[in-house]
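What follows is the residue order along each chain.
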Amino acid sequence: MNGIKIRGTGRGVPSKVVTNADMAKIVETSDEWITTRTGISHRHHLAEGETITDMTVLAARRALENAGVTPDQIGACVVATLTADTQVPSAACRVQRELGLPHDTVCFDLNAACTGFLYALHTMECLLGASERKFGLVIGAENLSRITNWADRGTCILFGDGAGAVVVECSPAYESIHAFLGCHGTDEMLRVPGVEKGVPSLVYMEGTKVFKFAVEAVPYCIDQVLARTGKTVDDVDFFVFHQANARIIDLAVRKYRIPQEKYYKNINEYGNTSAASIPLVISELHEQGKVGPGSRVLVVGFGGGLTWGGALVEFA
Ligand code: COA
């Protein structure tokens, strides 16, 4: 089986910065509560005139430049999102047009909530194995401020907007990313209605229940990926976690005794950006030189659906 490796990364970050003090003008909350309970100090929201398509295309363009890959080399483009500007055309079709990807590029969006980027990476590995062109664009992009319930202080302080992208290369010489993905279909504790008549399409979340799910899902995914790859924690160069709450990451780090130089948190800067969260981390790590050619990165995600996943991803 062919495997994939990351060749380039990029991100598109909205210009409007919303601080915790700004949130305290909307709901009864405080910087102290938000920082200690979540690790978030601010988040980015789309400014007037900006669209999530702009951010998605920007992230993709930067990832291509960073990889030294041209649009005509791309065989597939998958965007993980639940908040594309339009349902049709998909975000991926908009990227095709803006970047001039070849007309026979496979382009579609995929929704696995906050685990979407991992679902998209796995999908890309399968797609490129059957493609004549060996490069693919995997993007996570969200405009969560559009579906935020601004009357609910338990959720509105959490979410941010943004987009992150990677260019992957497929080769029979590469190991599979050994993606481990799962789902337990329930809308009890986390949902965005959308299709239910008369119900506003806003995020509903019972935070404490989701927190409990997350702290079990993260080690489960780590264990599964290590078992499938025959690796140990020491074999992993870097751990990338979905940024939903700094405390969830801290618990995992403590459990596996992961040294500080091997994991990263940027939730203070972005909040929870759902499918964009993991590629935003990967793009910053890559830019800072913390990961690069040869790095072996264990990526873990979890979220609505409920969904969860992990993979061991290398840089080319
Ligand atoms: N500011 C101040 N107080 C707040 C608040 C806010 N923004 N939001 C909630 N509170 C209050 C609650 O009303 C509650 O008050 P009460 O005890 O008087 O009823 C108290 O703080 C505790 O609320 P609770 O919801 O139990 O807090 P928590 O410690 O569970 O933290 C989250 C809430 C949302 C930060 C946390 O549950 C979380 O991060 N969950 C996981 C979210 C997640 O991973 N989601 C994404 C999946 S992708």
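To keep things clear, this report deals only with the structure shown in the data block. (Residues numbered from 1 in each chain as written. Predicted model: local features only at pLDDT ≥ 70, side-chain atom pairs only at ≥ 80, totals over all residues. Heavy atoms only, no water.)

1. Digging into helix α4 (residues 91-99)
- Restricting attention to buried positions, one finds in α4 the residues Ala91, Ala92, Arg94, Val95, Gln96 and Leu99.
- Those residues of α4 hidden inside the fold are in contact with α3 (52-67), β4 (74-80), β5 (106-110) and β6 (135-143).
- Two residues or fewer past α4, Gly100 is found with a positive phi of approximately 70°. (Buried < 20%, exposed > 50% of the residue type's maximum accessible area, 1.4 Å probe, protein only. Helix = DSSP H or I, 4+ residues; strand = E, 2+ residues; numbered from the N terminus. Contact = heavy atoms within 4.5 Å.)

2. Observations concerning the nonpolar core
- Counting 45 residues, the largest nonpolar core has Val218, Ile222, Phe239, Phe241, Leu298 and Phe302 as the members making the most contacts within it.
- Ranked by the residues each element gives to this core, the list is headed by helix α7 (residues 207-229), at nine residues.
- Other than its neighbours up to four places away in sequence, Phe302 contacts Cys114, Thr115, Phe213, Ala214, Ala217, Val218, His242, Ala244, Ile248, Thr307 and Trp308.
- Judged by nonpolar contacts, the second largest core, of 34 residues, contains Leu118, Ala275, Ile278 and Ile282. (Core = buried A, V, L, I, M, F, W, Y, C linked by side-chain atoms within 4.5 Å.)

3. Comments concerning the pairing of β4
- Where burial is concerned, most of β4 is hidden: seven out of the seven residues are buried.
- Bridge count between β4 and β6: six bridges; the pairing is parallel. Its bridge partner being in β6, Ala80 is matched across the sheet by Gly140.
- By the bridge criterion, five bridges tie β4 to β5 in an arrangement that is parallel. Among the inter-strand pairings, Val78 is bridged to a residue of β5, identified as Phe108. (Pairing = 2+ DSSP bridges.)

4. Some words on the pattern of salt bridges
- A complete count under the given rule lists ten salt bridges for this structure.
- Between Asp250 and Lys265 there is a salt bridge, with its nearest N and O atoms 2.6 Å apart. Taken together, the residues span a long stretch of sequence, with Asp250 in helix α8 (residues 246-255) and Lys265 in the loop between α8 and α9 (267-270) at a distance of 15 residues.
- One salt-bridge network, in which partners are shared between bridges, spans Lys5, Arg296 and Glu314. (Salt bridge = Lys/Arg side-chain N within 4 Å of Asp/Glu carboxyl O.)

5. Section: the packing of aromatic side chains
- Within the structure shown, the criterion is met by three aromatic pairs.
- Between Phe180 and Tyr220 the ring centres are 5.4 Å apart and the planes differ by 80°, which places this aromatic pair in the edge-to-face class. Remark: Tyr220 occurs in helix α7 and Phe180 occurs in strand β8 (residues 180-183); sequence separation between them is 40 residues.
- Tyr220 sits in the partly exposed class, given a relative accessible area of 40%.
- When the centroid spacing of 6.3 Å and the interplanar angle of 15° are considered together, the rings of Phe239 and Phe241 count as stacked. The exposure classification of Phe239 matches that of Phe241, with both residues buried.
- Sitting above the plane of the Tyr204 ring, Arg191 keeps its charged end 4.1 Å from the centroid. (Phe/Tyr/Trp six-rings, centres within 6.5 Å; stacked < 30°, edge-to-face > 60°. Lys NZ or Arg CZ within 6 Å of the ring centre and 35° of its normal.)

6. Comments concerning the site of the ligand
- Lining the immediate surroundings of the ligand are 23 residues, of which Thr29, Arg37, Cys114, Arg153 and Asn245 lie closest.
- In the model, a nitrogen atom of the ligand is placed 3.4 Å from a nitrogen or oxygen of the Trp33 side chain.
- In this structure, a nitrogen atom belonging to the ligand sits 3.0 Å away from a main-chain N or O atom of Gly207.
- In isolation the ligand offers 960 Å² of accessible surface; the protein chains occlude 73% of this area.
- Those elements giving two or more residues to the shell around the ligand turn out to be α2 (31-38), α6 (153-156), α7, α8 and β12 (296-303).
- Looking at the shell around the ligand element by element, the count peaks at four residues for α7.
- Across the shell around the ligand, the residue classes tally to ten nonpolar, nine polar and four charged. (Near = heavy atom within 4 Å. Polar contact = N/O pair within 3.5 Å; in protein donor to acceptor, adjacent residues only side chain to side chain. Areas by Shrake-Rupley, 256 points an atom, 1.4 Å probe, with all protein chains shown as cover. Nonpolar A, V, L, I, M, F, W, Y, C, P; charged D, E, K, R; others polar.)

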